[in-house]
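Residue-level listing of the chains:
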Amino acid sequence: MRGQTYIISALVFALIVAIFAVINGEAVTVNYLFGTGQVPLILVILISALMGGLITGGFGLFRLVKSQRKIRVLQKENEELKVNATNQLSEDTSNQHFTAYEEQSPSDESTKS
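Residues numbered from 1 in each chain as written. Predicted model: local features only at pLDDT ≥ 70, side-chain atom pairs only at ≥ 80, totals over all residues. Heavy atoms only, no water.

Things to note about the overall build of the chain
Our working definition: By definition, any uninterrupted DSSP run of H or I lasting at least four residues is a helix, any uninterrupted run of E lasting at least two residues is a strand, and each is numbered from the N terminus. The classification of residues rests on relative accessible area computed with a 1.4 Å probe and restricted to protein chains. Under 20% of the type maximum is buried, over 50% is exposed, and intermediate values are partly exposed. In what follows, a contact means two residues having at least one pair of non-hydrogen atoms within 4.5 Å. For accessible areas, the Shrake-Rupley method is used with a probe of radius 1.4 Å. Any residue's cover is judged against the shown protein chains and nothing else.
Secondary structure summary: the chain contains 3 helices and 2 strands in total. Sequence-ordered secondary structure for the chain, helices as α and strands as β, is α-β-β-α-α. Across the 113 residues that make up the chain, the buried fraction comes to 6%. Nonlocal contacts in the chain, meaning residues at least 24 apart in sequence, comprise 18% of its contacts between residues at least 6 apart. As displayed, the chain offers around 10200 Å² of accessible surface, 65% of which is attributable to carbon and sulfur atoms.

Observations concerning the pairing of strand β2 (residues 35–40)
Stated formally: Pairing between strands is defined by DSSP: at least two bridges between the two strands are required.
Pairing of strand β1 (residues 27–32) with β2, which is carried by 6 bridges, proceeds in the antiparallel orientation. Following the sheet pairing, Asn31 is matched in β2 by Thr36. Hairpin connection from β1 to β2: 2 residues lie between these consecutive antiparallel strands.

Considering the packing of aromatic side chains
Definition in use: Within 6.5 Å between ring centres, the rings of Phe, Tyr and Trp (the latter by its six-membered ring) count as paired, and their orientation is classed by plane angle as stacked under 30 degrees, edge-to-face over 60, tilted in between.
Scanning all chains against the criterion turns up 1 aromatic pair. Ring geometry for Tyr32 against Phe34: centres 5.8 Å apart, planes inclined by 10 degrees, an arrangement best described as stacked. What makes Phe34 exposed here is its relative accessible area of 78%.

Section: helix α1 (residues 2–23)
So the rule is basically this: For a helix, the expected span equals 1.5 Å multiplied by the number of residues minus one.
Between its first and last C-alpha, α1 extends 32 Å over 22 residues, near the 32 Å set by a 1.5 Å rise per residue. For α1, the buried fraction is low: 2 of the 22 residues fall into the buried class.

Considerations on the environment of Ala10
Along the chain, Ala10 turns up in helix α1. Counting along the chain gives 43 residues from Ala10 to Gly53, while the straight-line C-alpha distance between them is 9.9 Å.

So, the confidence of the model for the chain
In regions of low pLDDT, the predicted coordinates are not meant to be interpreted in detail. The test is simple: pLDDT is a per-residue confidence score from the predictor, ranging from 0 to 100.
Confidence in the prediction of the chain, expressed as mean pLDDT, is 83, and 83% of residues score 70 or more. β2 holds the highest mean pLDDT among the elements of the chain, 91, whereas helix α3 (residues 108–112) holds the lowest, 53.

Okay, here's the thing in structure tokens:
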């Protein structure tokens, strides 16, 4: 449901930007780093919205990749801890059996007297 909400919100935003761009169709002067030029305002609005979306998507993708990498590391660490805990549990269990056997056997001092 959350993904559908994002898609619907993005479509509504795109529709609003498109309507705004169509309403503002006159030519404007754009100052570039290397000169100036006359460009229809509709192109300036659409290109600006597109660049904003791409930059935002790039940062989101970066965060996603970083999170997935961290999840993989933590899953690997979790598996190692599970294996170590299982090994420790089996060692403790075998030591308990051995200790219980020692407690049940008669002591050397009582057999000597």
